[in-house]
Amino acid sequence: MAKTITVTIIGLDRTGSSVALALRRCNRSKRAPQHFEVRGADPRPGILETAKRAGICDRIERNLASAARDRDIVVLALPLPEQGQAWQALTGNLQPGAVVLDMAQLKAPAARLAQEHLPEDAHLVQVTPVVNARYLFDGVDDADHAAEDLFDDGNMLLMPAPDCSRAAVELASDFSTLLGATPHFMDALEHDILSAATVDLPALLGVASFHCLSHSPGWNDLQRLTNPPFGRLTHQLFDRHPDDLRDQWLHNREPLLRWLDDLLVTLQQARGALADGDRDALEALLTGAEEEYSAWINRRSNNRWDADERKSDLPSPSSMLMSGLMGDFLSRRMRGSDNEEER
């Protein structure tokens, strides 16, 4: 009989809801040695109602503390403004040995909250999914577009807390593989610097572009000619609350400023080439970008970043968790043995 592992997902936008759907996919496997009982919660009423209508989890509730109480695994998938409320709810409600997988986009402020609220007998691993390449261009991050294969053939970046137990790290690694992703380890500080370039800078560019055009005299006509290119550029204003974007940019402002300065240099060069009608300069800019873009999209689509890299021969997701420790009490249940047998 499959062993039951209890999971709570706090934050039911696209990422959190996709975790739930991936675990439901695991439950459908006849060979799965464990069954996941998934509970969901979200402090945002609109997202909570969307998840309820879609039947994302076995049980969905508004009370974060109740949802997290006595669970084996807690996944946090909330934007920065809601994280403080979530960590306060976890205080006093995590069972001994529980593992918190924090998917916060910025790791430094989330780590400070964890240091303040995480009990000594619980464990924190910060994680960031790098999703399935098939979703790279859809430009939507809302709960309605959750997918069970969102993490398939992607990566899961793992950043354990300095004092995190080996068992919790192995849990995070195995859990990532169950979702369909390949686990990789990364330094949290490096993560936030790179995130400023790949998450914050595109969002800032999209918001600035919308602000510029929507305040132009021709906006009444411009808005009638908005197609997918414009939607993909500006979708952050649809997916994320302004407070979330503001807080993230301010918390990560130093690396964001450096990336923004580099972008402004490139934009000035492009503007100069356009103003001068310099065909050769524009061609050099476009050709160089296209060549590196083709190389990047090939590596990204195949999830292979080194010439000699090969896909690892990992066990099937349905059996992967059997190899991890998952914490002492949890590992024994995962392996189908009780305390007496372990002794």
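Residues numbered from 1 in each chain as written. Predicted model: local features only at pLDDT ≥ 70, side-chain atom pairs only at ≥ 80, totals over all residues. Heavy atoms only, no water.

**Some details on the pattern of salt bridges**
Side-chain pairs of opposite charge can arise where the charged atoms are in close proximity. In the structure shown here, the tally under the stated rule is 15 salt bridges. For arginine 14, the salt bridge is made with aspartate 138, and the minimal N-O distance between the two is 2.6 Å. Placement of arginine 14 in helix α1 (residues 14–28) and of aspartate 138 in the loop between β6 (123–130) and β7 (155–160) is noted, with a sequence separation of 124 residues between them. Take arginine 14: its relative accessible area is 5%, and that puts it in the buried class. One salt-bridge network, held together by shared partners, links Arg14, Asp138 and Asp141. (Salt bridge = Lys/Arg side-chain N within 4 Å of Asp/Glu carboxyl O. Helix = DSSP H or I, 4+ residues; strand = E, 2+ residues; numbered from the N terminus. Buried < 20%, exposed > 50% of the residue type's maximum accessible area, 1.4 Å probe, protein only.)

**Considerations on the packing of helix α12 (residues 253–276) against helix α13 (residues 279–302)**
Interhelical geometry of α12 versus α13 gives an angle of 145° and a closest axis separation of 8 Å. Note that α12 runs across α13; the crossing there is left-handed. Within the contact between the two elements, α12 uses Thr266, Ala270, Ala273 and Leu274 and α13 uses Ala281, Leu282 and Leu285. Of the residues contributing to the contact of α12 with α13, the split by class is six nonpolar, one polar and no charged. (Axes fitted to C-alpha atoms, helices over the stretch in contact; angles between N-to-C directions. Left-handed = near helix turned anticlockwise from the far one by under 90°. Contact = heavy atoms within 4.5 Å. Nonpolar A, V, L, I, M, F, W, Y, C, P; charged D, E, K, R; others polar.)

**With respect to helix α4 (residues 80–90)**
Here α4 has its buried residues at Leu80, Glu82, Gln83, Ala86, Trp87, Ala89 and Leu90. All buried residues of α4 project into a common sector of 150° when viewed along the axis, lining one side. Glycine 92 sits one or two residues past α4 and shows a positive phi near 80°. (Arc of directions from axis to C-beta.)

**Focus: unusual backbone geometry**
With a phi angle near 60°, aspartate 153 is a residue other than glycine that sits in the positive phi range. By the secondary structure assignment, aspartate 153 is in the loop between β6 and β7.

**Side note on the confidence of the model for the chain**
The predicted model of the chain has a mean per-residue pLDDT of 88, with 89% of residues at 70 or higher. Note that pLDDT drops below 50 for residues 311–329; the model gives that stretch 47 contacts with residues more than four away or on any other chain. Low pLDDT, under 50, characterises residues 331–343; the predicted model gives this stretch 24 contacts beyond four residues in sequence or across chains. (pLDDT = per-residue confidence, 0-100.)

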